[in-house]
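Below, each chain spelled out in residue letters.
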Amino acid sequence: TMSSSASHTILACAGGTAGAIEAILVQPLELIKVRFQLNHGHNGSIISCAREILAEESAAGGTTMKVSRLFRGLLPELCGMFPT
């Protein structure tokens, strides 16, 4: 049997890990949603908004579309999650 403090530590780590996985999976969708809402008249659809975000890297001098553009803002969200 585990002690009460050990089980609380395990539950805290499990909750933090689940929150981090959720943030990693949802971040691209959240970024596209917010960008679509802010530029509603400019983007015809959510798909075109996602393409525009991916194309920003190539417009800035890169040669390929970067998926990493979809994860901007993830690090502060993850850092804010674990101290709690």
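Just so it is clear, the structure is predicted and the values come from calculations on it, not from any experiment.

(A) Highlighting the overall build of the protein chain. Broken down by element type, the protein chain carries three helices and zero strands. Along the protein chain, helices and strands appear, N-terminal first, in the series α-α-α. Within the protein chain, the fraction of its 84 residues that count as buried is 23%. A separation of at least 24 residues holds for 45% of the contacts in the protein chain among residues at least 6 apart in sequence. Accessible surface, the protein chain as shown: approximately 5,900 Å² in total, 68% of it carbon and sulfur.

(B) Molecular detail of the packing of helix H1 (residues 4-38) against helix H3 (residues 74-81). Running from N to C, H1 and H3 cross one another at 165°; their axes reach a closest spacing of 10 Å. In this view, H1 runs roughly antiparallel relative to H3, as classed from their interaxial angle. Seen from above, H1 lies across H3 with right-handed handedness. Packed against H1, whose contacting residues are Gly16, Gly19, Ala20, Ala23, Ile24 and Gln27, the element H3 presents Leu74, Glu77, Leu78 and Met81 at the interface. Grouping the amino acids of the contact of H1 with H3 by side-chain chemistry returns six nonpolar, three polar and one charged.

(C) The arrangement of the nonpolar core in detail. Leu31, Ile32, Phe36, Cys49, Ala50, Ile53, Leu54 and Leu70 form the largest nonpolar core, which has eight residues in total. Contributing elements (two or more residues each) for this core: H1 and helix H2 (46-59).

(D) Highlighting a nonpolar patch on the surface. A contiguous nonpolar surface patch, about 270 Å² in accessible area, is contributed by Ile21, Leu25 and Val26. Mapped onto the secondary structure, Leu25 falls in helix H1.

(E) Looking closely at the environment of Ala20. Inspection of the secondary structure assignment puts Ala20 in helix H1. Its relative accessible area of 12% is what places Ala20 among the buried residues.

Reading guide: rules and limits
- Residues numbered from 1 in each chain as written.
- Predicted model: local features only at pLDDT ≥ 70, side-chain atom pairs only at ≥ 80, totals over all residues.
- Heavy atoms only, no water.
- Helix = DSSP H or I, 4+ residues; strand = E, 2+ residues; numbered from the N terminus.
- Buried < 20%, exposed > 50% of the residue type's maximum accessible area, 1.4 Å probe, protein only.
- Contact = heavy atoms within 4.5 Å.
- Areas by Shrake-Rupley, 256 points an atom, 1.4 Å probe, with all protein chains shown as cover.
- Axes fitted to C-alpha atoms, helices over the stretch in contact; angles between N-to-C directions.
- Parallel < 35°, antiparallel > 145°, perpendicular 65-115°, else oblique.
- Left-handed = near helix turned anticlockwise from the far one by under 90°.
- Nonpolar A, V, L, I, M, F, W, Y, C, P; charged D, E, K, R; others polar.
- Core = buried A, V, L, I, M, F, W, Y, C linked by side-chain atoms within 4.5 Å.
- Patch = residues over 30% accessible without salt bridge, like charges linked within 9 Å, V, L, I, M, F, W, Y side chains within 5 Å.
- Salt bridge = Lys/Arg side-chain N within 4 Å of Asp/Glu carboxyl O.

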